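Remarks on the overall topology
In case you want the letters, here they are:
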Amino acid sequence: MKPQLNKLAIGFGAVFLLLFANLTYLQVFEANSLNNRADNKRSLFKQYDIDRGAIIVSGQPVAYSVETDGRFKFERRYVSPAFTHPVGYLSSIYGAAGVEQAENLLLAGTADSLVVDRFRQLLDGGARRGGSVALTLDSSAQLLAYQLLGNREGAVVAIEPRSGKILISASSPSFDANLLATTNAQTMQQSWSRLIADKTNPLLNRAYRETWAPGSVFKLITAAAALESGRYTETTKIPAPATYKIPGTKNTISNWQNAPCNASGEVTLQEAIAVSCNTAFARLGVELGSKQISKVAAAFGFGSNFDLPGSVVKSLVPETTDAAQNALIAIGQFDVRVTALQMALVTAAIANEGVVMQPKLISETFAPDLTLLKSLDSNVYNRAIKPTTAAALNQMMQAVVELGTGSNARIAGVKVAGKTGTAETQSGAAPHAWFVAFAPADAPKVAIVVMLAGGGATDQPAGSQISGNQLAAPIAQRLLVELLGRK
Amino acid sequence: MRRTEQRLLILTSLVNLASFLIIDLSARGYFSVIGFVIPLALAGIFFGFHFILVKYRPAADQLLLPAAAILTALGVAMIYRLTGGTGALQQTIWVFISLIAAAVILIKLPNTRVLLRTPLVFMLAGLLLLAAPFLPVIGATINGATLWLRVGPLSLQPAEFAKVVLIIGFAGYLAKHQSQLTFIQRKILGIELPRAKDILPLLIVWAVSLIILVGQRDLGTSLLFFASAVLLLYITTARSSWLVIGFVLLILGGAAATAIFDHVQQRFNIWLDPFADVAGSGFQVVQAIYGFAAGGIFGTGLGKGNSNLVPYAESDFIFAAIAEELGLVGAAAVILLYGLVITKAIKTAAVGRSPGNSLIASGIAIFMFLQVLITVGGVSGALPITGLTTIFLSAGGSSLVASWILIAILFVLQDQDHALSNITTPLSDDQTRAIKL
């Protein structure tokens with residue numbers, strides 16, 4: 001029997017080698033890709049072993065880790081749904097979002113900048129600690145903005161024009177991030193299913209992860225393009241009849257209530273902005289062409305993702321040679337789509353003598369021992385328009401609030417510059433109500449955008465500025481008061 | 001005086017104590033009484049067995065006990081880590097029962113001749129044990145498999161004992177009919193075929209295997225019996241035609257079972273692509289595979305992995321837990337230890353004084369090899385998942401008792417075959433350190 005037994009022993013040995021080869025494949029060669037699979041809980045569980053750093057707003061943590069007695073060492077806590085969209089969440093099953101995702105390495109303590117701290121922690125033993133991140137947000141203004149949005153769908157973005165600091169980035173509806181960060185897997189899974197099934201889509205950050213039709217607030221960009229072209233000044237007279245027939249087509253564009261914008265049938269560019277005159281702007285659009293308009297829009301940052309945690313969706317101006325489309329583009333209709341953040345950047349640039357600052361959400365980062373790692377500089381994104389153009393637009397926007405459609409944004413003793421917008425989406429559907437503003441107009445400290453999606457009343461025709469002024473402007477006014485009161 | 005065995009057992013006991021202390025420290029944060037008591041109890045049990053070997057089977061191999069003891073002790077340590085003190089204590093009691101059973105064989109079984117005399121009785125007993133779970137009152141179905149006998153607080157898997165009895169019965173049968181099974185009637189395509197009537201016993205085993213597969217939904221045991229029978233036939237006759245016939249029958253049976261029975265088909269589909277349904281049917285295998293990946297080369301460290309994510313980590317999937325926490329290095333060590341035990345069994349077969357003795361030892365080697373292959377291959381995704389337990393390591397009593405009975409039979413074979421060749425001269429340590437081929 002010996003020859004058979006020898007063969008058997010060799011066969012057994014060969015099979016064991018194959019088993020070993022398979023283990024080597026799993027544990028060495030494939031280990032990395034298996035560890036990084038999205039459905040692999042083990043890698044995510046490791047995050048629970050880390051004393052993850054806090055995310056700080058106005059000196060107070062809005063996201064932080066607490067020690068638990070359960071099988072996981074730490075659990076993540078979030079103070080308010082008002083901060084959920086910019087701050088994001090960290091879930092063991094559904095991944096991370098917002099600042100939690102963008103600054104994960106620093107918060108988890110694995111960033112290269114923390115190598116010294118990691119070595120020190122190795123010596124003291126204990127759990128690994130992460131660094132902290134301070135945001136540019138203004139805590140009470142952010143909470144107020146979220147409260148003012150209430151149960152309406154919309155967003156508020158406020159920016160400090162000189163620095164590009166984002167003071168408010170609110171989105172509604174929001175959700176409680178604790179539901180996704182809990183160490184109770186069942187609660188987490190149920191919450192997630194509920195969130196993704198929710199028709200109001202609370203997971204969407206409406207401040208910069210979605211674009212909307214801008215309507216009349218886009219007229220600021222059309223006006224900027226007109227001024228930059230050198231062919232118009234703020235006093236140039238433009239015909240403003242009740243209806244404007246687009247040349248070469250049968251289409252017409254009409255004003256609200258089908259009235260001319262001015263008794264004389266002609267308006268200056270400044271008046272056209274102040275009363276948000278559709279026929280005058282439609283004519284401007286045809287004369288300028290969408291190429292010129294989209295060039296100026298691009299200078300303001302349209303088409304850019306910027307570099308913000310959570311990534312900004314690109315705003316868009318289509319280029320076309322069709323006259324009817326050019327007319328619609330000039331009044332912010334047709335396929336023009338903007339994020340609330342992009343409109344805030346345009347407004348801030350007008351306030352900042354035409355300079356768009358790189359928007360920033362993170363102001364400082366700290367090591368685990370709370371020593372300052374890095375203070376983030378303010379950087380110029382682009383000099384979008386000439387200072388004279390900006391100054392002219394500033395004057396026009398002041399007229400909007402003082403004399404025109406933006407009366408609800410007035411603040412006693414402070415000059416406010418603003419622009420209303422009511423964007424028609426599709427016939428029958430409720431329009432979006434917009435209001436953009438900055439104040440004080442003579443020395444701007446805050447630029448703000450309020451957007452209520454489908455927030456306008458359906459019984460008003462597009463171009464009516466009532467929604468923007470009635471619904472969005474009061475919110476902007478309250479927040480400007482809040483922000484200026486302490487600036 | 002079996003010094004090598006003694007020294008290796010001291011080492012085994014120290015390593016085992018260390019593993020319990022590490023688990024206490026890393027998973028609990030403090031030392032517990034039970035973390036000392038269990039390793040000491042295990043050391044006592046293994047040394048007790050060592051002294052019985054010294055007294056009753058002095059000529060038996062000296063590496064076999066330490067190898068099986070390390071695996072058994074590692075199993076208890078992992079069960080301690082995965083389920084806590086109560087589970088580990090239960091397993092320790094099973095270790096005690098296993099080694100008592102093995103010791104009874106060492107002391108009471110004079111030689112293997114009694115085992116080989118009545119093969120048909122053993123085979124019948126084996127079949128009865130297999131059928132026992134279908135008995136009223138004491139039979140029980142757990143997790144969809146009718147494999148259990150409930151006696152008071154104990155759940156026993158008679159199939160584990162059936163394995164022992166059937167190996168012996170089959171070895172006896174083959175030893176008696178060796179010459180006629182070797183007889184060749186004709187050659188087809190260069191394959192030497194046995195006589196049709198001689199194939200009958202194999203067909204019976206095949207049928208029984210299929211009945212196990214279908215009736216008890218136990219893919220592993222079914223495969224184990226059939227493959228063992230084929231390999232033993234090959235060893236008995238040296239005719240590779242038996243391997244060919246066996247392979248053909250395996251494919252036919254497997255294909256038919258896959259086509260007809262959902263549970264076989266499902267196992268097969270999971271094996272083909274475990275990631276197809278990560279949250280559902282593939283969950284267990286995928287979690288185990290993630291465990292292997294998390295372990296890497298050196299492992300997460302005892303008590304520091306997430307092996308609990310794998311359902312049945314302490315029983316069917318214990319090898320995955322070991323690979324996660326001790327890494328590729330630990331997994332390779334376990335495979336090498338199995339290799340050592342199996343090699344010892346093959347060597348025992350090679351020096352067997354009678355065909356019957358050789359066939360019993362071969363059967364033990366084949367049984368252990370196939371169980372390791374099916375379980376290790378299964379949890380690491382190389383083979384379909386079966387319900388087989390990982391011998392020596394898995395939580396549960398029946399398999400452990402059966403495995404140690406097989407080890408005891410190997411000791412009896414080694415000692416008796418050696419004794420026959422050295423009737424008068426006492427043995428020195430050097431002679432008993434390892435049995436040469």
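1. Some thoughts on the packing of helix α13 (residues 278–288) of chain A against helix α15 (residues 323–330) of chain A
Residue and element names in this part refer to chain A. For the pair α13 and α15, the least separation of the axes is 7 Å and the interaxial angle reads 125°. By the angle class used here, α13 and α15 are oblique. Two packed elements cross with a definite hand, and for α13 against α15 that hand is right-handed. Residues Phe-281, Ala-282, Gly-285 and Val-286 of α13 form the contact with α15, whose participating residues are Ala-323, Asn-326, Ala-327 and Ala-330.

2. As for the pattern of salt bridges
Per the counting criterion, the structure on display carries eight salt bridges over all chains. A salt bridge links Arg77(A) to Glu75(A); the shortest N-O distance between them is 2.9 Å. Here Asp61(B) makes a salt bridge to Lys344(B), at a shortest N to O gap of 3.2 Å. In this pair, Asp61(B) sits in the loop between α2 (33–56) and α3 (64–83) while Lys344(B) sits in helix α14 (residues 318–350), placing the two residues 283 residues apart along the sequence. We classify Asp61(B) as buried; its relative accessible area is 0%. Given a relative accessible area of 7%, Lys344(B) falls into the buried group. A single network of salt bridges, built from pairs that share partners, joins Arg52(A), Arg76(A) and Glu100(A).

3. Here we look at α3(B)
Residues and elements named next belong to chain B. In a regular helix each residue adds 1.5 Å, so 20 residues correspond to 28 Å; α3 covers 28 Å between its end C-alpha atoms and thus fits that length. Judged by how many residues are buried, α3 sits mostly within the fold: 18 of 20 residues are covered. A positive backbone phi angle near 100° is found at Gly-84, which sits one or two residues after α3.

4. Side note on the pairing of strand β14 (residues 362–366) of chain A
Residues and elements named next belong to chain A. By the criterion of burial, β14 is predominantly enclosed, with four of the five residues buried. Pairing of strand β6 (residues 132–135) with β14, which is carried by four bridges, proceeds in the antiparallel orientation. Each residue of the ladder has a partner; that of Leu-135, found in β14, is Ile-362. Of the strand pairs in this sheet, β14 and strand β15 (residues 372–375) are connected by three bridges, and their pairing is antiparallel. When the sheet's bridge partners are listed, Phe-366 is paired in β15 with Leu-372. Counting the residues in the hairpin turn of β14 and β15 gives five residues, including Leu-370, whose phi is positive at 70°.

5. With respect to the sheet that holds strand β17 (residues 417–423) of chain A
Residue and element names in this part refer to chain A. Ordered by their spatial adjacency, five strands build an open sheet running β8-β7-β19-β18-β17, and the pairing between neighbours is antiparallel. Each edge of the open sheet carries a strand with a single partner, namely β8 (166–172) and β17. Recorded for the sheet is a direction-independent mean angle of 5° between the axes of neighbouring strands. As judged from the seven bridges shared by strand β18 (residues 432–439) and strand β19 (residues 446–452), these two strands associate in the antiparallel manner. Within the sheet, the bridge partner assigned to Ala-437 lies in β19 and is Ile-448.

6. Looking at the sheet that holds strand β1 (residues 55–57) of chain A
Strand pairing in a sheet takes place through backbone hydrogen bonds and is either antiparallel or parallel in direction. All names here are of chain A. The strand order across the open sheet built from six strands is β3-β2-β1-β6-β14-β15, with neighbouring strands paired in mixed fashion. Edge positions in the open sheet fall to β3 (74–78) and β15, since each of these has one partner strand only. The sheet shows a mean angle of 25° between the axes of neighbouring strands, taken without regard to direction.

Conventions we followed
Residues numbered from 1 in each chain as written. Chains lettered and ligands numbered in written order. Predicted model: local features only at pLDDT ≥ 70, side-chain atom pairs only at ≥ 80, totals over all residues. Heavy atoms only, no water. Axes fitted to C-alpha atoms, helices over the stretch in contact; angles between N-to-C directions. Helix = DSSP H or I, 4+ residues; strand = E, 2+ residues; numbered from the N terminus. Parallel < 35°, antiparallel > 145°, perpendicular 65-115°, else oblique. Left-handed = near helix turned anticlockwise from the far one by under 90°. Contact = heavy atoms within 4.5 Å. Salt bridge = Lys/Arg side-chain N within 4 Å of Asp/Glu carboxyl O. Buried < 20%, exposed > 50% of the residue type's maximum accessible area, 1.4 Å probe, protein only. Expected span 1.5 Å × (residues − 1). Pairing = 2+ DSSP bridges.

All we've got here are geometric facts, nothing functional implied.
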